[in-house]
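# Close look at the chain arrangement
Next come the chains, spelled out residue by residue.
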Amino acid sequence: MSAGRADAETTGRLLGGRLVYSQPAAGFRSGIEPVLLAAAIAARPGERVLEAGSGAGAALLCLAARVPVHGLGIERCGALVALARRNLAANGLAERVDMQQGDITGVLPAGLFDHACANPPWHAAADSAAAHPARRTAKQVPEGHATGDLLARWTAGLAARLRPRGSLTLILPAARLSDAC
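Residues numbered from 1 in each chain as written. Predicted model: local features only at pLDDT ≥ 70, side-chain atom pairs only at ≥ 80, totals over all residues. Heavy atoms only, no water.

## Brief notes about the overall build of the protein
How we decide: Each helix corresponds to a stretch of at least 4 residues labelled H or I by DSSP, and each strand to a stretch of at least 2 residues labelled E; elements are numbered beginning at the N terminus. The rule is simple: take the accessible area with a 1.4 Å probe, protein chains only, and divide by the maximum for that residue type; under 20% is buried, over 50% is exposed, in between is partly exposed. Throughout, a contact is declared for two residues whenever any of their heavy atoms are within 4.5 Å. Exposure was quantified through the Shrake-Rupley algorithm and a 1.4 Å probe, taking into account, for residues, occlusion by the shown protein chains and nothing else.
Each helix and strand in the protein was counted, giving six helices and seven strands. Mapped from its N terminus to its C terminus, the protein presents α and β elements in the order β-β-α-β-α-β-α-β-β-α-α-β-α. By the burial criterion, 41% of the 181 residues in the protein qualify as buried. Sequence-distant contacts, at least 24 apart, represent 65% of the contacts inside the protein between residues at least 6 apart. Counting every atom, the protein has about 9,100 Å² of accessible surface; 55% of that belongs to carbon and sulfur.

This is the structure:
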């Protein structure tokens, strides 16, 4: 696809070439964070994992390639959900991992997951704005949400879906840890 089109994608590889991964050519693009997020989850075969803000699915792809888990990714953007589903199918993981359009602060059943993870929006509204609208939406507090409250709501939304003694793994700067707790 042309890099100038809004729906343009790039395709590359993750985990030393083990996974094929397509993502938007512009906007919020995956870096090393989802690979590190997946590596930090101490999941065992057959466990259930929930990810919020899954984007094109890099973290769940990496985790499911490493450990045969059952995963569910929640993503607000329908186009990214469709792309993540294509990524899962291209890597033979669609039977164990699914993506759904939604918001983690919305309604999902409680206590279903052994692990939950996210790279949540933690940038303050005063931070420099991203040039691309999709990246700006993913990075910063959306309009209508209280600045100090969104990260806590994400954390609470994920934690509520965990079974007793489940783990919650987040990518955050140390300065935002108290907000998440």
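## A short note on the pairing of strand E3 (residues 48-52)
As a reminder, the rule being used: Being paired, for any two strands, means DSSP has found at least two bridges between them.
Taking burial as the measure, the five residues of E3 include four buried ones, the bulk of the element. As defined by bridge partners, E3 adjoins strand E4 (residues 70-75) across five bridges and the pair is classed as parallel. Its bridge partner lying in E4, Glu51 is registered against Gly73. Bridge count between E3 and strand E6 (residues 113-118): four bridges; the pairing is parallel. Residue pairing for E6: Leu50 is matched across the bridge by Ala116.

## Description of the sheet that holds strand E7 (residues 162-170)
In plain terms, the rule: In this description, a line fitted to the C-alpha atoms serves as the axis of each element, helices being fitted only across the stretch in contact, and the angle between N-to-C directions of two axes falls anywhere from 0 to 180 degrees.
In spatial order, the strands read E5-E4-E3-E6-E7; together these five strands make up an open sheet with parallel pairing. Both edges of this open sheet fall to strand E5 (97-101) and E7, since each of them pairs with a single strand only. Neighbour-to-neighbour, the strand axes of this sheet turn through a mean angle of 20°, independent of strand direction. In this fold helix H3 (residues 78-90) packs onto E4 and E5, with an angle of close to 170° to the strand it touches most, E5. The strands that helix H5 (residues 150-159) touches are E3, E6 and E7; relative to E7, the one it contacts most, it runs at about 140°.

## Observations concerning the side chain of Glu51
Worth spelling out the cut-off: Between N or O atoms, a polar contact is any pair within 3.5 Å; within protein, one atom must be a potential hydrogen donor and the other a potential acceptor, and residues adjacent in sequence are included only when both atoms are from side chains.
Within the secondary structure, Glu51 is located in strand E3. Within the structure, Glu51 has its side chain in polar contact with the side chain of Ser54 (distance 3.1 Å). In contact with Glu51, other than residues within four places in its own chain, are Leu37, Ala59, Leu60, Leu72, Gly73, Ile74 and Cys117.

## Brief notes about the environment of Asn91
Assignment of secondary structure puts Asn91 in the loop between H3 and E5. Its relative accessible area of 18% is what places Asn91 among the buried residues. Counting along the chain gives 70 residues from Asn91 to Tyr21, while the straight-line C-alpha distance between them is 8.6 Å. For Asn91, the residues in contact, after removing those within four places along its chain, are Arg18, Leu19, Val20 and Leu61.

## Quick word on the nonpolar core
Inclusion rule: We call a set of buried residues a nonpolar core when its members are Ala, Val, Leu, Ile, Met, Phe, Trp, Tyr or Cys and they connect through side-chain atoms within 4.5 Å of each other.
Leu14, Leu63 and Val69 are the most contacted members of the largest nonpolar core, which totals 28 residues. Only strand E2 (19-24), helix H1 (33-39), helix H2 (58-66), H3 and E5 provide two or more residues apiece to this core. Sort the elements by how many residues they give to this core and H2 lands first, with seven residues. Setting aside anything within four residues of it in sequence, one finds Leu63 in contact with Ala38, Ile41, Ala43, Val49 and Val69. Within the second largest apolar cluster, 13 residues are counted, among which are Leu72, Ile104, Leu108 and Ala116.

## Observations concerning the confidence of the model for the protein
As a reminder of what qualifies: Per-residue confidence from the prediction method is given by pLDDT, with values spanning 0 to 100.
On average, residues of the protein score 85 in pLDDT, and 82% of them are at 70 or above. Contacts of residues 138-146 to residues separated by more than four positions or lying in other chains number 23 contacts, the stretch itself having pLDDT below 50.

## Thoughts on the pattern of salt bridges
If the charged atoms of two oppositely charged side chains come close together, the side chains can form a pair. To keep things clear, this is the line we draw: Salt bridges are identified by distance alone: a Lys or Arg side-chain nitrogen within 4 Å of an Asp or Glu carboxyl oxygen.
Taken as a whole and judged by the stated rule, the model has four salt bridges. Arg86 serves as the salt-bridge partner of Glu9, at 2.5 Å between the closest nitrogen and oxygen. One end of the pair, Glu9, is in strand E1 (residues 9-14); the other, Arg86, is in helix H3, with 77 residues separating them in the sequence. For Arg85, the salt bridge goes to Asp98, with nearest N and O atoms at 3.5 Å. Of this pair, Arg85 sits in helix H3 while Asp98 is found in strand E5, placing the two residues 13 residues apart along the sequence. Its relative accessible area of 41% is what places Arg85 among the partly exposed residues.

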